[in-house]
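Residue-level listing of the chains:
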Amino acid sequence: RVLVVDDHEANLMLMRRMLQKRKHELAFARDGAQALEVASKQVFDCILMDCNMPVMDGWEATEMIRKEGGLNALTPIVAVTANAMAGDREICIAKGMSDYMTKPVNKTDLYDMIDRWKTRQHDPASASSDNMAEVQSPQQLASPFSPLPAKKDKE
C-alpha cells in the first residue's frame, strides 16, 4: 500500500497512473492534515509526500506522523517535491523524511524508489545518516537492525 500526498490534481492523477501499472494499492490525500487522518487508520508500505501544500505542509505532517508513534511512525516517507535547490534533501531528512525525489517524477525513478523502500522501515533515531532496516517478519520489528548503505544520488 502506498499513500500519495499532493495538493495538485494533475500530480495525483499522474502518480495514480504510474503506480497502478505496478499494481500498487493506493490511497490519496490532498494536504498534510488529510495525510495524518489517512495514516492514522491504515498501515502503508511507503508514503510519497509533497512538501509545499496548503492547510499543513509535508514537513509538518511528516514530523507529526513520526512523533505520534502510530501505525506509520516507522513507514518510509519520501519527499516528492519541486524543491531542487542545494540543501533541500537535507531539510527533508532533518524533518523526518526517509528519502527525496524531485518533480517532475520520472517513472523509472519512482518505481526504483518504491522498490527500495517498500520492505524497509524508517529509523527516526538515525534518519540523517539514512540508516534503514529491512523488515522480513513482524517479530523482527522489535529486534535490533543493521544499517544499510545509502543509495547515491545520480549526478
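This write-up is about the structure you can find in this document. (Residues numbered from 1 in each chain as written. Predicted model: local features only at pLDDT ≥ 70, side-chain atom pairs only at ≥ 80, totals over all residues. Heavy atoms only, no water.)

## Thoughts on the overall build of the protein chain
Then, in step 1: Within the protein chain, the secondary structure is distributed over five helices and seven strands.
Then, in step 2: When the helices and strands of the protein chain are read in sequence order from the N terminus, they spell out β-α-β-α-β-α-β-α-β-α-β-β.
Then, in step 3: Scored against the burial criterion, the 155 residues of the protein chain give a buried share of 44%.
Then, in step 4: Considering only residue pairs separated by 6 or more positions, the protein chain has 57% of its internal contacts joining residues 24 or more positions apart.
Then, in step 5: Split by element, the accessible area of the protein chain, about 8300 Å² in all, is 53% carbon and sulfur. (Helix = DSSP H or I, 4+ residues; strand = E, 2+ residues; numbered from the N terminus. Buried < 20%, exposed > 50% of the residue type's maximum accessible area, 1.4 Å probe, protein only. Contact = heavy atoms within 4.5 Å. Areas by Shrake-Rupley, 256 points an atom, 1.4 Å probe, with all protein chains shown as cover.)

## Focus: the packing of aromatic side chains
Two numbers describe a pair of aromatic rings. These are the distance of the centres and the angle of the planes.
Then, in step 1: Within the structure shown, the criterion is met by zero aromatic pairs.
Then, in step 2: The ring of Phe-28 is capped by Arg-16, whose NZ or CZ atom sits 4.3 Å from the centre of that ring.
Then, in step 3: Sitting over the ring of Tyr-111, Arg-22 keeps its end group 4.5 Å from the ring centre. (Phe/Tyr/Trp six-rings, centres within 6.5 Å; stacked < 30°, edge-to-face > 60°. Lys NZ or Arg CZ within 6 Å of the ring centre and 35° of its normal.)

## Some details on the pattern of salt bridges
Then, in step 1: Taken as a whole, this structure holds nine salt bridges when the rule is applied.
Then, in step 2: For Asp-99, the salt bridge goes to Arg-116, with nearest N and O atoms at 2.4 Å. Placement of Asp-99 in strand 5 (residues 99-102) and of Arg-116 in helix 5 (residues 107-117) is noted, with a sequence separation of 17 residues between them. Here Asp-99 and Arg-116 have matching classes, each one buried.
Then, in step 3: Each of the salt bridges in this network shares a partner with another, and the network as a whole consists of Asp-6, Asp-50 and Lys-103. (Salt bridge = Lys/Arg side-chain N within 4 Å of Asp/Glu carboxyl O.)

## Some details on the side chain of Thr-75
Then, in step 1: Turning to its location among the elements, Thr-75 is positioned in the loop between helix 3 (58-68) and strand 4 (77-81).
Then, in step 2: Polar contacts involving the side chain of Thr-75 include one to the main-chain carbonyl oxygen of Phe-44, which spans 3.3 Å. (Polar contact = N/O pair within 3.5 Å; in protein donor to acceptor, adjacent residues only side chain to side chain.)

## Focus: helix 3
Then, in step 1: Inspection of helix 3 places Gly-58, Trp-59, Ala-61, Thr-62, Ile-65 and Arg-66 among the buried residues, and these make up the whole buried set. With its buried residues spanning 165° around the axis, helix 3 presents them on a single face. Along helix 3, exposed side chains directed more than 90 degrees from the buried face belong to Lys-67 and Glu-68.
Then, in step 2: Remark: Gly-69 follows helix 3 within two positions and exhibits a positive phi of approximately 65°. (Arc of directions from axis to C-beta.)

## Digging into the pairing of strand 2 (residues 26-29)
Then, in step 1: Direction of pairing for strand 1 (residues 2-5) relative to strand 2: parallel, over a ladder of four bridges. Its bridge partner lying in strand 2, Val-2 is registered against Leu-26.
Then, in step 2: One crossover worth recording links strand 1 to the parallel strand 2 by way of helix 1 (residues 9-20), and it is right-handed. (Pairing = 2+ DSSP bridges. Right-handed = clockwise from strand over helix to strand, strands pointing away.)

## With respect to the environment of His-8
Then, in step 1: Relative to the elements of secondary structure, His-8 occurs in the loop between strand 1 and helix 1.
Then, in step 2: On a C-alpha basis, the gap between His-8 and Met-53 in space is 8.8 Å, while along the polypeptide they are 45 residues apart.

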